[in-house]
Amino acid sequence: MIRLENVTKVYEGGTVAAYDVSLDISKGEFVFLVGASGSGKSTLIRLMLREEPVTRGKIWVAGKDITTLPRWKIPYLRRSVGVVFQDYKLLPNKTVAENVAFALEVLGRPPSVITDQVEQVLDLVGLADKGARYPRQLSGGEQQRVSVARSFVNRPPIMLCDEPTGNLDPKTSVGLMKLLDRINRTGTTVVMATHDHAIVDAMKRRVVALEHGKVTRDEETGRYEGALK
Amino acid sequence: MSRFLFLVKEALLSLRRNALIVAGAVLAVFISLSLAFGALVVNEILRINTLAWQEGVHVISFLKDPGVDGVPVDAHEALLAEVRSWEEVEEARYVDKTGAWLEYQELFASQEELLDIDPNVLPASIRIELVDIDTHAAIKSRLQQNVLVVREVTTAADSIEQLQNLSSVLNVLGLGMAVVLGLAAVVLIANTIRLAIYARRDEVSIMKLVGASNWFIRVPFLLEGMVEGVVGAALAVFAVWLGSTNLARAGSGFALFRLDVGNDWFFRWGVLFLIFGAVAGIIGSMLGLSRYLRDAESSGAEVPTGF
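Cut-offs and rules
- Residues numbered from 1 in each chain as written.
- Chains lettered and ligands numbered in written order.
- Predicted model: local features only at pLDDT ≥ 70, side-chain atom pairs only at ≥ 80, totals over all residues.
- Heavy atoms only, no water.
- Contact = heavy atoms within 4.5 Å.
- Buried area = accessible area lost by both parts, 1.4 Å probe.
- Salt bridge = Lys/Arg side-chain N within 4 Å of Asp/Glu carboxyl O.
- Polar contact = N/O pair within 3.5 Å; in protein donor to acceptor, adjacent residues only side chain to side chain.
- Helix = DSSP H or I, 4+ residues; strand = E, 2+ residues; numbered from the N terminus.
- Nonpolar A, V, L, I, M, F, W, Y, C, P; charged D, E, K, R; others polar.
- Buried < 20%, exposed > 50% of the residue type's maximum accessible area, 1.4 Å probe, protein only.
- Axes fitted to C-alpha atoms, helices over the stretch in contact; angles between N-to-C directions.
- Parallel < 35°, antiparallel > 145°, perpendicular 65-115°, else oblique.
- Left-handed = near helix turned anticlockwise from the far one by under 90°.
- Pairing = 2+ DSSP bridges.
- Patch = residues over 30% accessible without salt bridge, like charges linked within 9 Å, V, L, I, M, F, W, Y side chains within 5 Å.
- Areas by Shrake-Rupley, 256 points an atom, 1.4 Å probe, with all protein chains shown as cover.
- Domains from an automatic or database assignment.

Chemist: Hey, could you go over the interface of chain B and chain A for me, with residue numbers and the actual values?
Modeler: Facing 28 residues of chain B, the contacting portion of chain A comprises 40 residues. A combined buried area of about 3,000 Å² lies between chain B and chain A, and 59% of that area is made up of carbon and sulfur atoms. Summed over the shared surface of chain B and chain A, the number is one salt bridge. Linking Glu10(B) and Lys94(A) is a salt bridge whose minimum nitrogen-to-oxygen distance equals 2.5 Å. Counting every contact that joins chain B to chain A gives three residue pairs in polar contact (both at pLDDT 80 or more). Breaking the side of chain B that touches chain A down by element, the ones donating at least two residues are α1 (2–17) and α8 (201–209) of chain B. If you tally residues by element for the side of chain B that touches chain A, the top one is α1(B), at six residues. Of the residues assigned to the side of chain B that touches chain A, the class counts are 13 nonpolar, seven polar and eight charged.

Rendered as structure tokens:
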């Protein structure tokens, strides 16, 4: 589903954020990218979304080489990949339902389909009664669930999550992870960058550890601990 | 279709939800286009007045008395008919000796000592108004060739030329000011809309992350810019029209200077200014958005040695 082949990313100024990273992520997998701040987790997510071009190497997402993707095709890539960020990235002037619907409007879905799908996904994330609220009227955990709803509303085959629990308390984080686990069980591939020990240890999923941009460990059912050796 | 309606709805919602920013942009358009439109109105007033001053008698041909020194009796009528047949001549009027004497009496009515003159002293004349004022020299020399009948030809050459020079200088100045202020309007509008978009740059980046194409993001902003431009321009046209109409009413007593431009002119230029406002708003939005729609292109630097 996702394949990174000798990917290197060096930012202007010489910071090496990823170095010779090779990874194969299969359909339906749940993969944690772990490591200290600055280890390159978020950069890998950004590279998979084509927010940044690679310096060297190749990345395939859903069978397509995205490193050579022309600029006008980038929106199409992003429509097939759901994204969740630590800071939620919700549109402040839109209600919860409008934020979720926006992902479908972009695809040009008819209004009746949009209304149905938004209702369903808000129900899935437990916010069926809060569709008319604005993001500022919700708690952090609720905002993150809106973000998950938006990224999942068009049923993308892949979800990329960059520290989605970073702003949440442990209890709310558990709730969010249960939601992501449910989504993963529908067959969606989930790649999540985190430095939340408890979550990684509890989930017992594949763990890819990064240090200074290099992969130092890749375990099928790993724990967080080894990452900071 | 539903997609387009969505984008229109987005633009309208955004106009409502960002009322303060929208008001700032409309104000910028209003101020700059008021100045540009005002300059055009002043230019039009000057044009109307210089045109009015250019109307009237341009060439006077004084004639020898008929029946004297071999001048045929019907020479005046013949010359008048000939002059009237010239295509450069708009109108030719014959003033006989009595007419000239009456005119003289009227002109110097306040100076009694000058009034007592023999009506025979003043010559008859043909007063000529030209189609194009530039032809006055040619007409003068053509008349002077008729030495048998024509005594002397005078033209308002100097004053005509001065008036023409003044008129073209004022025209260039007025249009120049309108163009400069119009360009300033585009820059001001672009800048204001850019600030408005800067305030919403996070929104733009979120839309991109969700997979919105650049055009999908751009259209509501362009519609917003267009609405702001049209509303600002409409307010500017209305304000200048109101000011100009009141000024014309106040100055209706001036005999020598016209201040009314006419509603036809206002309508024609008003529509053009609305279009200009719309285009300026769209261009402003395009310029303001371009930076935030650009994708990262640099693939970065080389890997440092020793990494």
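Picking up where we left off.
Chemist: How would you explain unusual backbone geometry if you had to name every residue and give the values?
Modeler: Residues and elements named next belong to chain A. The backbone of Ala-62 shows a phi angle near 50 degrees, a positive value even though the residue is not glycine. Residue placement: Ala-62 occurs in the loop between β4 (56–61) and β5 (64–65). Under the relative-accessibility criterion, Ala-62 is labelled partly exposed at 40%. Unusually for a residue other than glycine, Arg-155 sits at a positive phi of about 50 degrees. By relative accessible area, Arg-155 is classed as partly exposed at 42%.

Chemist: Explain the packing of helix α9 (residues 214–250) of chain B against helix α10 (residues 263–293) of chain B to me, using residue names and the numbers behind them.
Modeler: Think of two packed helices as two axes; the pair is described by the angle between the axes and how far apart they sit. Residue and element names in this part refer to chain B. Their axes nearest at 7 Å, the elements α9 and α10 cross at an angle of 150 degrees. In terms of their interaxial angle, α9 and α10 are classed as roughly antiparallel. Note on packing geometry: the crossing formed by α9 with α10 is right-handed. When the residues that make up the contact of α9 with α10 are grouped by side-chain class, the tally is 18 nonpolar, nine polar and one charged.

Chemist: Outline the sheet that holds strand β2 (residues 89–95) of chain B, supporting the account with residue identities and numerical values.
Modeler: Residues and elements named next belong to chain B. Ordered by their spatial adjacency, four strands build an open sheet running β2-β3-β1-β4, and the pairing between neighbours is antiparallel. Each of the sheet's edge strands pairs with one partner strand only, and the pair in question is β2 and β4 (150–155). With strand direction ignored, the average angle separating the axes of adjacent strands in the sheet is 15 degrees. Bridge count between β2 and strand β3 (residues 125–130): six bridges; the pairing is antiparallel.

Chemist: Can you explain a nonpolar patch on the surface? Please cite residues and give values.
Modeler: On the surface, a nonpolar cluster with roughly 620 Å² of combined accessible area is contributed by Phe267(B), Val271(B), Leu272(B), Ile275(B), Val279(B), Ile283(B) and Leu287(B). Along the polypeptide, Leu287(B) turns up in helix α10.

Chemist: So what's going on with the domain arrangement of chain B? Which residues, and what values?
Modeler: Its domain assignment divides chain B into domain 1 (2–53 + 162–293) and domain 2 (58–155). Each of domain 1 of chain B and domain 2 of chain B has a C-alpha centre, and these two points are 54 Å apart.

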